[in-house]
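# Remarks on the overall topology
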Amino acid sequence: MKKNIRDLTYAALEEQLQEMGEPRFRVKQVFPWIYKEIDSFDEMRNIPQSLRGKLAEKFVLHNIKIKEKYISKIDETRRYLLQLGDGNFVESVLMKYKHGYSICISSQVGCAMGCAFCASTRCGKVRNLSAGEIIDQVVAVQRDLGCRINNIVMMGIGEPLDNFENVMVFLENVNHPLGLAVGHRHITLSTCGIVPKILELAEKELQITLSVSLHACSNEKRSAIMPVNRKYPIEELLEACRYYIGKTNRRISFEYTLIQGVNDSEQEAEKLLRLVRGMLCHVNLIPVNPVKETGFAAGSRAGIERFQHVLTEGGISATIRREMGRDISAACGQLRSQRLEV
Ligand code: SAH
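What you are looking at is a predicted structure, and each value in this text was computed from that prediction instead of being measured. (Residues numbered from 1 in each chain as written. Predicted model: local features only at pLDDT ≥ 70, side-chain atom pairs only at ≥ 80, totals over all residues. Heavy atoms only, no water.)

Our next topic: the pattern of salt bridges. Using the criterion set out here, one finds 20 salt bridges in the structure. Residue Lys-69 is joined to Asp-144 by a salt bridge in which the shortest nitrogen-to-oxygen separation is 3.0 Å. You can see Lys-69 sitting in strand β3 (residues 64-71) and its partner Asp-144 sitting in helix α4 (residues 131-145), a full 75 residues away along the chain. Lys-69 sits in the partly exposed class, given a relative accessible area of 37%. Given the relative accessible area of 27%, Asp-144 is considered partly exposed. For the salt bridge of Arg-301 with Glu-305, the shortest nitrogen-to-oxygen distance reads 3.1 Å. In this pair, Arg-301 and Glu-305 are both assigned in helix α11 (residues 301-313), four residues apart and thus about one turn of the helix distant. (Salt bridge = Lys/Arg side-chain N within 4 Å of Asp/Glu carboxyl O. Helix = DSSP H or I, 4+ residues; strand = E, 2+ residues; numbered from the N terminus. Buried < 20%, exposed > 50% of the residue type's maximum accessible area, 1.4 Å probe, protein only.)

Written as structure tokens, this is what we have:
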């Protein structure tokens, strides 16, 4: 199978072009084209035709198709089912905010992490996405939208730190000034808490926002809904988070999905407060999105606000995630998993 040209970093493309006998300056011409809205190498107008042919023999360009698209009538959220070159599906969701557009993208086909409340993991992991396939989602949606996307969140299908190398190449490529030039401060990476990879990421000292899915305050409860906790318990996870903050000086965002009767009592809020107090962090409360067969439900709005109040009174900044695209059930993973069932 031909390689996705968006898998190549700038340096790797430079090397590739030199191997093809091209002059040094060629990379500066070719690289920007790779991120433009074109479908074939032939559209690279200022590149010699012979090179366009050679590139087409070796690489594919923009190898992703929009198979289904839903636009919310409530808030214009767009939900996409995208098909990869090998026929697999992933999902991306585009959200409109006052300050611009934000896209939620996938990092794997399926997920191996097995969180009890999550639709993306129900059929396990099929494979990692390549760096190019992660970026293809941004280019495809940006193209469909007709304007620039400002923020990227890796909160779609998959566990980004279980696909570490490709995600690192993605972060390098998406940030490149001659490519999409999205600043790392506009990118959030969300993880269920793979401790050694958080430590490895810390060493890179990137300016991205790290978001950590915490969801419970005792190992017993967390292990029951997030199997990853059996390997990397809460104390180790929070230690890694402290290390990450120390290294990067960036505020971590903790995701806490509120599930009625499981982790949403005021006592749990107090426990959470004790766990994260003193850390440079923010807590993002997410009323659980009901997924068929999990039986989980979100509690009342008043209960969620009480939970938030405990945190803010204790000096921890906490927000309740606004539900978007309710009429098109835009919670990620649901579209792909429904299509797997039919
Ligand atoms: N694997 C990564 C990123 C993908 S999930 C992670 O675990 O962080 C993005 C976020 O959505 C995570 O916080 C995840 O726990 C949460 N999530 C998954 N299913 C959900 C559901 N049904 N309701 C609310 N949040 C959910």
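Once the structure has been displayed, the description carries forward.
Moving on to the site of the ligand. Taken together, 17 residues lie around the ligand, and Phe-117, Ser-190, Ser-213, His-215 and Asn-289 are the ones closest in. The contact in question runs from a nitrogen atom of the ligand to an N or O atom on the backbone of Asn-289, over 2.8 Å. If the ligand stood free it would expose 530 Å²; the protein chains cover 92% of that surface. Elements with a contribution of two residues or more to the shell around the ligand: β10 (187-191) and β12 (252-258). Within the shell around the ligand, the residues separate by chemical class into seven nonpolar, eight polar and two charged. (Near = heavy atom within 4 Å. Polar contact = N/O pair within 3.5 Å; in protein donor to acceptor, adjacent residues only side chain to side chain. Areas by Shrake-Rupley, 256 points an atom, 1.4 Å probe, with all protein chains shown as cover. Nonpolar A, V, L, I, M, F, W, Y, C, P; charged D, E, K, R; others polar.)

Over its 15 residues, α4 runs 22 Å from end to end, which matches the ideal 21 Å to within 8%, given 1.5 Å per residue. Positive phi appears at Gly-146, one or two residues downstream of α4, with a value of about 80°. (Expected span 1.5 Å × (residues − 1).)

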